[in-house]
Amino acid sequence: MHLRSRLVVVGFSIALLAALVAQPAAAAEEGDSSQDRPARILFVTQSGGFKHPTVTRKASDLSHAERALKQLGVESGEFRVDCTQDVQRDFKPELIKNYDIVAFFTTGTMNDKSRILPIPKETLDWFLNDWLKQKGHGFLGVHSAADTYEDYKPYWDMIGGSFNGHPWGSNTTVTISVHDQDHPAAKPWGEEFVITDEIYQFKNWQPEKVRVLMSLNMEKTDLKKPYHVPVLWVKEYGDGRAMHMSLGHREDVWDNEKYQASLLGGIRWLLGREEGDATPNPELSAEQEKQAKAAVAKAG
């Protein structure tokens, strides 16, 4: 084959591959099995309130978090990701029906006009009460997903809590305890680990509805507070599943191999491809709060 012909073939193959990777998710064909195909994830990164640099796009490029999740999907072969920062255009029932998981790295409210994330109430209610409760569907909340719709109870009730400040800022180095090393979302971290990231604390916290997999280790963290600070948790939601990972403020966290493995394990769990216990463990939250109070008292 002549060089020019080989170049044409190679160019066509590259273009075809790019088109397949970039192609928006389509509804599954009859007989399609979610176990045999890459899952489809809609990654919503729109900010109605504070916009994190990690989801800030430059010109027409995707943000750092968007690129990282898309690359993780392709490299693992487990899923493909479509990203949106236009919920008015893309967060619609007829489009969401094409996805297996919806992921949020968002901020915004339902009613505060200065910080609205403009998903219509009826659409959000359909998502929470119909779509998400179906078997095989999942919600992945990342970092500030808990700083979203804190003025709308059905949403934070789905997650299990809502943002209530971050005394541990983005340059704070903390120790995280892993409580369930068998769960695929927590397994990559080992028994405990040290990381630099912004750590959220929560209000509307519902330990009776979630299984906490990881928490801030108050005894080994410089800034001590007398309450439990969960970092990663999962829950059953109807026949669907939900997971919230509060780490992810910083770009280097998204580049962390263990963080990526944790997201991948969580996604596999959301899809039902790998099992993990989601039994609520409120006794753990109670014990963690007891330990946090003791750590504060010990520090004086």
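Residues numbered from 1 in each chain as written. Predicted model: local features only at pLDDT ≥ 70, side-chain atom pairs only at ≥ 80, totals over all residues. Heavy atoms only, no water.

In the nomenclature of an unreviewed UniProt entry, the chain is known as Trehalose utilization of Posidoniimonas corsicana.

(A) Geometry of the environment of His64. Structurally, the position occupied by His64 is in helix α2 (residues 64-76). Separated by 188 residues in sequence, His64 and Asp252 have C-alpha atoms that sit 9.6 Å apart. Residue contacts for His64: discarding those within four places in its chain leaves Thr54, Glu251, Trp254 and Asp255. Looking at His64, its side chain comes within polar contact range of the side chain of Asp255, at 2.9 Å. (Helix = DSSP H or I, 4+ residues; strand = E, 2+ residues; numbered from the N terminus. Contact = heavy atoms within 4.5 Å. Polar contact = N/O pair within 3.5 Å; in protein donor to acceptor, adjacent residues only side chain to side chain.)

(B) Representation of the packing of aromatic side chains in the model. Counted by the stated rule, this structure contains 17 aromatic pairs. A centroid spacing of 5.9 Å and a plane angle of 65° characterise the contact between Phe91 and Phe104, whose relative ring orientation is edge-to-face. Of this pair, Phe91 sits in the loop between α3 (87-90) and α4 (93-96) while Phe104 sits in strand β3 (residues 101-104), and the two are 13 residues apart along the sequence. Using a relative accessible area of 3% as the deciding quantity, one classes Phe91 as buried. (Phe/Tyr/Trp six-rings, centres within 6.5 Å; stacked < 30°, edge-to-face > 60°. Buried < 20%, exposed > 50% of the residue type's maximum accessible area, 1.4 Å probe, protein only.)

(C) Seen up close, helix α9 (residues 282-299). Given a rise of 1.5 Å per residue, 18 residues ought to cover 26 Å, and the 26 Å separating the end C-alpha atoms of α9 matches this to within 8%. By the burial criterion, the buried members of α9 are Leu284, Ser285, Gln288, Ala292 and Ala295. In an axial view of α9, the angular spread of the buried residues amounts to 95°, which keeps them on one side of the axis. Exposed residues pointing more than 90 degrees away from the buried face of α9 are listed as Glu283, Lys290, Ala297 and Lys298. Against the buried residues of α9 lie β9 (211-216). (Expected span 1.5 Å × (residues − 1). Arc of directions from axis to C-beta.)

(D) Inspection of the pairing of strand β7 (residues 192-196) at higher detail. The side-chain alternation of β7 yields one buried face, formed by Phe193 and Ile195, and one unburied face, formed by Glu192, Val194 and Thr196. Where strand β6 (residues 173-178) and β7 come together, five bridges link them in antiparallel fashion. Counted as the bridge partner of Thr175 is Val194 from β7. (Pairing = 2+ DSSP bridges.)

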